[in-house]
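Structural features, examined
So the chains spell out like this:
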Amino acid sequence: MQLSYRPYPLQLQHTFTVSGCSRSQTPDVLIAITHQGLTGYGEASMPPYLGESIESVCDFLKRVDLSTFDDPLRTDDILSYVMHLDDDEPDAHNFSAKAAIDIALHDLAGRILGQPLWRLFGLSPERCTYTTYTIGIDTREVVKQKVREVEGRFGRLKVKVGVEGDRELIRSIREVTDLPLTVDANQGWTSPDEALEQIQWLQTQGVIMVEQPLPKHDLDGLQWLTKHSPLPIILDESVQGPADVIRLKDCCHGINIKLMKCGGLAPARLMIQLARMQGMQVMLGCMTETACAVTAAAQLAPCADYLDLDGNLLISNDPFLGGMQVIDGLVTLQSAPGLGIVPISESFGFSEKEQ
Ligand code: MG
C-alpha cells in the first residue's frame, strides 16, 4: 500500500462566524492510499479549536508505515495500529490525521469490494433524514439573504446562536422562512437558567433541537438543563470519542459525532452503538470539509436522528466530484463503490510517500 498526502487549504464561501471565532479558510490535508491500482481518498480538516495543524497532521502521517500490511480489507488491524501510534504522547491530538487514514482505508475497501460503504455497514439509505444548512452569525440583512438563497434546497436550517442578539437573529429568519430550525450555541450561554429561558423562547419559534448550550465542562449545568429543557439537548464540544458517550449519558439527550473529532468511521460506528444502547439520540456533523469527509460521514446517515452534513457546500474549492448529494433537503447516498467520489484533477499533486 502506498500513502500520499498534500496540504490543501479550504476556501470558505462566506467568512464564518460562530460564538468565539471568525475565519475565511480552514487548513486541510488530502490523502490517498493506493493498492494494486485502486485508490481510496481521505482528508484531515482542522478547524483551529481542535488543536491540530497542517504540520502536526503531516508529522503524524510521516510516521504511518503501512508496508507491513498487505491486505487493505483487514481494516481492524490497520486502524488499531494507526489509533495507537501516538500512545507515547499523552497530549497528542491527532484525531483528524487518524480520521484521514480511516476514511481513505474504508474508501479503498469499498472500491476493492465494488460496494458503497453504507452497504458494507448493512444500512438502508432510504432512512436518511434532512440535513441542516448552517447559517453563521451575521447582520440581519445578510442572514435573511442567506436564508432566501437556500430555502428551496434545504428542509431544515441550523442557526448559530450564543451571542448578544440571538432573538433578533431568530426573528429575522422567521420573517423569511417557516422551515424547522436547530440552534447551536457553541457553549455561548453561561448559566443553566439563561439557557433554559432561551430554549423555552426558542421552542415558541419552531426550533426543534439545541446543540451545546453550555460550556463543555459544565456537566452539572448540562445535567440540570437536560432534565428541564423542553427541547432535546445535543452535545458537540463536550464529546470527542467513544468514552464520552458513556460519561455524558445523563448530561444530554444525544451526541454530535464528527469524524474529525473521533478519528474516523470505525470509532464513529462504535459511538453510535454506545449511544443507542443507552437510549441517546445521534447527530452526525462535520467540519468545513470536502465532499470526501462529508460523504464518509454520510455513509452513517441512516443511523442518525439529526444530520448536519453541509461542510462541502460551504467551501469554494472542493477538489472532488460525486459522493453524497442533498436532494430536496434529504441526504441522498449513491451506489458507486467506496465513497463514490472522483478527484477533479487526475494529477492530484500529492507528494508521494512510498510504502
Ligand atoms: Mg456544533
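Structure's up top.
First, a word on what this report is: a plain description of the structure on this page. Along each chain, residues carry numbers from 1 onward, in the same order as the chain's sequence is written. A pLDDT threshold of at least 70 governs which residues receive local features in this predicted model, and a stricter bar of 80 or more applies before side-chain atom pairs are shown or counted, although totals over entire chains, interfaces and linings include all residues. The basis for every side-chain value is the complete set of non-hydrogen atoms in the structure, without hydrogens or water.

Quick word on the overall build of the protein
Across its full length, the protein holds twelve helices and 18 strands. For a compact globule of 355 residues, the expected C-alpha radius of gyration is about 20 Å, and the protein comes in at 20 Å, within 12% of that figure. Expressed along its principal axes, the backbone C-alpha trace of the protein runs to roughly 55 × 40 × 35 Å. The classification of residues rests on relative accessible area computed with a 1.4 Å probe and restricted to protein chains. Under 20% of the type maximum is buried, over 50% is exposed, and intermediate values are partly exposed. Going through the 355 residues of the protein one by one, you find that 57% of them count as buried. A run of H or I in DSSP becomes a helix once it reaches four residues, and a run of E becomes a strand once it reaches two; helices and strands are each numbered from the N terminus. The quantity called the radius of gyration is restricted to C-alpha atoms. Its globule counterpart is 2.2 Å times the number of residues to the power 0.38.

With respect to a nonpolar patch on the surface
The patches described consist of residues with a relative accessible area above 30% and no salt bridge, like charges being joined within 9 Å and nonpolar side chains (Val, Leu, Ile, Met, Phe, Trp, Tyr) within 5 Å. Per-residue accessibility takes into account occlusion by the displayed protein chains alone, with areas from the Shrake-Rupley method and a 1.4 Å probe. Salt bridges are defined as contacts in which a side-chain nitrogen from Lys or Arg sits within 4 Å of a carboxyl oxygen from Asp or Glu. Where nonpolar side chains cluster on the molecular surface, the patch consists of Leu38, Leu73, Ile112, Leu113 and Leu120 and spans about 370 Å² of accessible area. Topologically, Leu113 is positioned in helix α3 (residues 95-113).

Quick look at the coordination of the magnesium ion
Any N, O or S atom lying within 2.8 Å of the metal counts as a donor, and for Na, K and Ca the limit rises to 3.2 Å; water is left out, so some sites can look incomplete. Around the magnesium ion, the protein contributes the donor atoms Asp184 (OD), Glu211 (OE) and Asp236 (OD), which lie 2.1 to 2.3 Å from the metal centre. When the donors of the magnesium ion are listed by position in the chain, the intervening gaps give D-x26-E-x24-D. Placement of the pair is Glu211 in strand β9 (residues 207-211) and Asp236 in the loop between β10 (233-235) and α9 (242-247), with a sequence separation of 25 residues. On the accessibility criterion, Glu211 (0% relative accessible area) is buried.

A short note on the packing of helix α2 (residues 75-83) against α3
Their axes nearest at 10 Å, the elements α2 and α3 cross at an angle of 170°. Of the possible angle classes, the one that applies to α2 and α3 is roughly antiparallel. When α2 is examined against α3, the residues Thr75, Ile78, Leu79, Val82 and Met83 are found in contact with a partner set consisting of Lys98, Ile101, Asp102, Leu105 and His106. Angles here are taken between N-to-C directions and fall from 0 to 180 degrees, while the axes themselves are lines fitted to C-alpha atoms, restricted in helices to the stretch in contact. Between 65 and 115 degrees an angle is taken as roughly perpendicular, under 35 as roughly parallel, over 145 as roughly antiparallel, and anywhere else as oblique. Throughout, a contact is declared for two residues whenever any of their heavy atoms are within 4.5 Å.

Here's the deal with helix α7 (residues 192-203)
Each residue after the first adds 1.5 Å to the expected span of a helix. In a regular helix each residue adds 1.5 Å, so twelve residues correspond to 16 Å; α7 covers 16 Å between its end C-alpha atoms and thus fits that length. Three or more residues of α7 are buried, namely Ala195, Leu196, Gln198, Ile199, Trp201 and Leu202. Summarising the contacts, the buried residues of α7 are in contact with α6 (166-176), β8 (181-184), β9, α8 (219-228) and β10.

Considerations on empty space enclosed by the protein
Unfilled space is identified by rolling a water-sized probe across the atoms. Using a 1 Å grid laid over the protein atoms alone, points where a 1.4 Å probe fits but cannot get out form a cavity; open sets with protein on both sides within 12 Å along at least 5 of 7 lines form a pocket; any residue with an atom within 4 Å of a point counts as lining. Grid points are joined across faces, edges and corners, and a volume is the space filled by probe spheres set on the points. Within the structure shown, the criterion is met by one cavity of 30 Å³ or more. Taken as a whole, the largest cavity encloses approximately 30 Å³ of empty space. Throughout, the ten residues Ala, Val, Leu, Ile, Met, Phe, Trp, Tyr, Cys and Pro are labelled nonpolar, Asp, Glu, Lys and Arg are labelled charged, and all others, Gly among them, are labelled polar. Residues of the lining of the largest cavity, tallied by class, amount to five nonpolar, six polar and no charged.

Brief notes about the pairing of strand β11 (residues 254-257)
Covered by surrounding structure in β11 are Gly254 and Asn256 together with Ile255 and Ile257, the residues of both alternating faces. Strand pairing is assigned whenever DSSP identifies at least 2 bridges connecting the two strands. Bridge analysis of β10 against β11 gives two bridges, and the strand direction is parallel. When the bridges of β11 are listed, Leu235 appears paired with Ile255. By convention, a crossover is right-handed whenever its connection, traced from the first strand over the helix to the second and viewed with the strands pointing away, goes clockwise. Each parallel crossover has a hand, and the one from β10 via α9 to β11 is right-handed.

Some thoughts on the packing of α7 against α8
Interhelical geometry of α7 versus α8 gives an angle of 30° and a closest axis separation of 10 Å. Classified by the interaxial angle, the pair formed by α7 and α8 is roughly parallel. Between α7 and α8 lies a crossing whose hand is right-handed. Of the residues in α8, those touching α7 at Pro192, Asp193, Ala195, Leu196 and Ile199 are Gly221, Trp224, Leu225 and His228. Here is the rule for handedness: rotate from the far helix to the near one, and if that takes an anticlockwise turn smaller than a right angle the crossing is left-handed, while a clockwise turn gives right-handed.

Some thoughts on unusual backbone geometry
With a phi close to 70°, Gln187 is a non-glycine residue in the positive phi region. Here Gln187 shows up in the loop between β8 and α7. One non-glycine residue with positive phi stands out, namely Asp328, at about 50°. Note that Asp328 resides in the loop between β15 (325-327) and β16 (330-332). Judged by its relative accessible area of 65%, Asp328 falls in the exposed class.

Keep in mind these numbers describe shape, not what the thing actually does.
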